[in-house]
Amino acid sequence: MTKNLQAQRRREERRRPRVGRSTFWWRRVGALGIVLAIAAVAVAILIACTGNDGDTVKAPAVSAVSATSTTATGSTVALPRTTVASAGSASSGNLSAGSATVETVSADGSTDETTPVTAVTASRAKQVGANELGRIPVLMYHLVGTGKSHLTPDQLRFHIALLRSHGFYPTTVREMVEGTMDIPAGKSPVVLTFDDSSPGQFRVLDDGTLDPDCAVGILQAEVAWGNWAPKATFFPLLEVNQSNILFGQADLAQRKLQDLVAWGYEIGSHGLSHMNFSKATNAQVRKELAQSQAKLESLVGDGYEVFTVSPPYGEYPSDASLLLSGEYEGVTYSYQAVVMAWGESSSSPFSSKFDVTRIPRITSAAPESVKKLLKYWNNHRHLLYISDGDPETISIPKGAPAELGTLRAGLKQRIVEYAP
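Residues numbered from 1 in each chain as written. Predicted model: local features only at pLDDT ≥ 70, side-chain atom pairs only at ≥ 80, totals over all residues. Heavy atoms only, no water.

## Some remarks on the overall build of the chain
Counting secondary structure elements, the chain contains nine helices and 18 strands. The burial tally for the chain puts 48% of its 420 residues in the buried class. Within the chain, contacts between residues separated by at least 24 positions form 69% of all contacts whose residues are at least 6 apart in sequence. (Helix = DSSP H or I, 4+ residues; strand = E, 2+ residues; numbered from the N terminus. Buried < 20%, exposed > 50% of the residue type's maximum accessible area, 1.4 Å probe, protein only. Contact = heavy atoms within 4.5 Å.)

Put into structure tokens, the structure is as follows:
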């Protein structure tokens, strides 16, 4: 596997732009060559900003700056802070099918040249093979490191390299459930989730730098490399297993949560004490859910809302409705999504088969797990969610497989159907 990873990295490295070659190239060409080069660049930019149907689309804006964290002792922690453009962008560098202002004709024949409408058309959706009724893999990780039962850092890198090479792009549970995923056209969403906040998930080294071999370090390195967004969902421990509470570095715990949210990651609840809800009383379940949500939201601050819950061990209480809302000693709680601890790929959030209280996850602790998953998707592409590039539009092929369900009622996005 290591050889495969190294080969993958070498292939990706060859695709990266080379720096340092052709120094002082302008000395090697005449004035005419310079003029032609500038003209070619101008033409390329004009073409890139024009869709296949002649519609103008917006190019993504991606920026990256550094950030520092100050610990309780006053030391500075240097952590990379990456900002990715909002809805309508694609940090892969591909143009997204965003909104364009075009002339529209009303029923009375009058025109309106300022009405913004989506640039996604049936022909464009067909061109990228969009199927937003397809299924979405949600991967579940726990231990990352070199110990027993751990997924090693190189194995996690290999998983991401495989996902990249097969056209997957990350999002969070919340964005998936809300239908706000910002996935480049032609790519498929994947949700990476991390339970139990073991130190190998997020570690800061003694010199104050982010450990490049922890899960967050690996994810942030992929973001810096390009074509990957800072998106994943973390379910941390709060009051059990001291070495794992909020990633194991008490003086940095709050700042880690705040930085994860600032970078674009999601923080969800895993309860307070990793209690088995199937064996707990209703009062115990309500306490775990109310106090964990309140504590996480207080630590993150700035009005952050914990949206998703992961019941420990994947065990549900006898009254499953307790997972969504309730109250304990005057503290109310509300969750909008519940993830399971087993299963296959999730139905699309736009599908009639989607159940917000039972979102399946695929155990990914085994080194070969993602490789096997992608082998399945290579043979079942017609069932996979493929994005049209616009969060405001849902594009599906006519006659989509019945096993994917039908579009849910009440969807607010514009629907585009095309003949495959």
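## Side note on helix H6 (residues 215-225)
Of all eleven residues that make up H6, eight are buried, and the element is covered over most of its length. For H6, every residue scored as buried is listed here: Ala 215, Val 216, Gly 217, Ile 218, Leu 219, Gln 220, Glu 222 and Val 223.

## Considering the pattern of salt bridges
Any two side chains of opposite charge can pair, on the condition that their charged atoms come close. Within the structure shown, the criterion is met by eight salt bridges. Two residues, Arg 157 and Asp 213, come together in a salt bridge whose shortest N-O distance is 2.6 Å. One end of the pair, Arg 157, is in helix H4 (residues 153-165); the other, Asp 213, is in the loop between strand S9 (188-195) and H6, and 56 residues separate them in sequence. Judged by its relative accessible area of 17%, Arg 157 is buried. Arg 361 is the salt-bridge partner of Asp 195, the closest N and O atoms lying 2.9 Å from each other. Of this pair, Asp 195 sits in strand S9 while Arg 361 sits in the loop between strand S15 (337-338) and strand S16 (362-363), and the two are 166 residues apart along the sequence. A relative accessible area of 0% places Arg 361 in the buried class. Bridged by salt links that share partners, the residues Asp 154, Arg 157 and Asp 213 form one connected network. (Salt bridge = Lys/Arg side-chain N within 4 Å of Asp/Glu carboxyl O.)

## Brief notes about empty space enclosed by the protein
Inspection of the entire model under this criterion finds two cavities of 30 Å³ or more. Approximately 70 Å³ is the volume found for the largest cavity. Residue lining of the largest cavity: Glu 132, Gly 179, Met 181, Ile 183, Phe 350, Tyr 385, Ser 387, Gly 389, Asp 390, Pro 391, Thr 393 and Ile 394, and that is the complete set. (1 Å grid on protein atoms, 1.4 Å probe; cavity = no way out; pocket = protein on both sides within 12 Å on 5 of 7 lines; lining within 4 Å. Points joined across faces, edges and corners; volume = space filled by probe spheres on them.)

## Some remarks on the packing of helix H7 (residues 253-263) against helix H8 (residues 282-300)
Viewed as axis vectors pointing N to C, H7 and H8 meet at an angle of 80°, and their least axial separation amounts to 8 Å. It follows that H7 is roughly perpendicular to H8 by the angle criterion. Contacts from Gln 254, Leu 257, Gln 258 and Val 261 in H7 reach Leu 296, Ser 298, Leu 299 and Val 300 in H8. Each residue belonging to the contact of H7 with H8 can be placed in one class, and the counts come to five nonpolar, three polar and no charged. (Axes fitted to C-alpha atoms, helices over the stretch in contact; angles between N-to-C directions. Parallel < 35°, antiparallel > 145°, perpendicular 65-115°, else oblique. Nonpolar A, V, L, I, M, F, W, Y, C, P; charged D, E, K, R; others polar.)

## Focus on the pairing of strand S8 (residues 168-171)
Residues Phe 168 and Pro 170 line one face of S8 and the alternating positions Tyr 169 and Thr 171 line the opposite face, and both faces are buried. Both S8 and S9 contribute to a ladder of four bridges, which runs parallel. When the sheet's bridge partners are listed, Tyr 169 is paired in S9 with Pro 189. For the segment spanning S8, helix H5 (residues 173-178) and S9, crossover handedness is right-handed. (Pairing = 2+ DSSP bridges. Right-handed = clockwise from strand over helix to strand, strands pointing away.)

## Quick notes on the packing of aromatic side chains
Scanning the model with the defined rule gives eight aromatic pairs in all. With a centroid separation of 5.0 Å and an interplanar angle of 15°, the aromatic rings of Phe 194 and Phe 234 are classed as stacked. One end of the pair, Phe 194, is in strand S9; the other, Phe 234, is in strand S10 (residues 233-235), and 40 residues separate them in sequence. Summarising the burial analysis for this pair, Phe 194 and Phe 234 share the class buried. Relative to Tyr 265, the ring of Phe 234 has its centre 5.9 Å away and its plane inclined at 80°; by these criteria the two rings are edge-to-face. Of this pair, Phe 234 sits in strand S10 while Tyr 265 sits in the loop between H7 and strand S11 (266-267), placing them 31 residues apart in sequence. On the basis of relative accessibility, which here comes to 1%, the residue Phe 234 falls in the buried class. Through a chain of ring-to-ring contacts, the aromatic side chains of Tyr 141, Phe 194, Phe 202, Phe 234, Phe 247, Trp 263 and Tyr 265 assemble into a single cluster. Of note, Lys 256 hangs over the ring of Phe 202, and the distance from its end group to the ring centre comes to 5.1 Å. (Phe/Tyr/Trp six-rings, centres within 6.5 Å; stacked < 30°, edge-to-face > 60°. Lys NZ or Arg CZ within 6 Å of the ring centre and 35° of its normal.)

It is worth stressing that arrangement in space is one thing and function is another; only the former is reported here.
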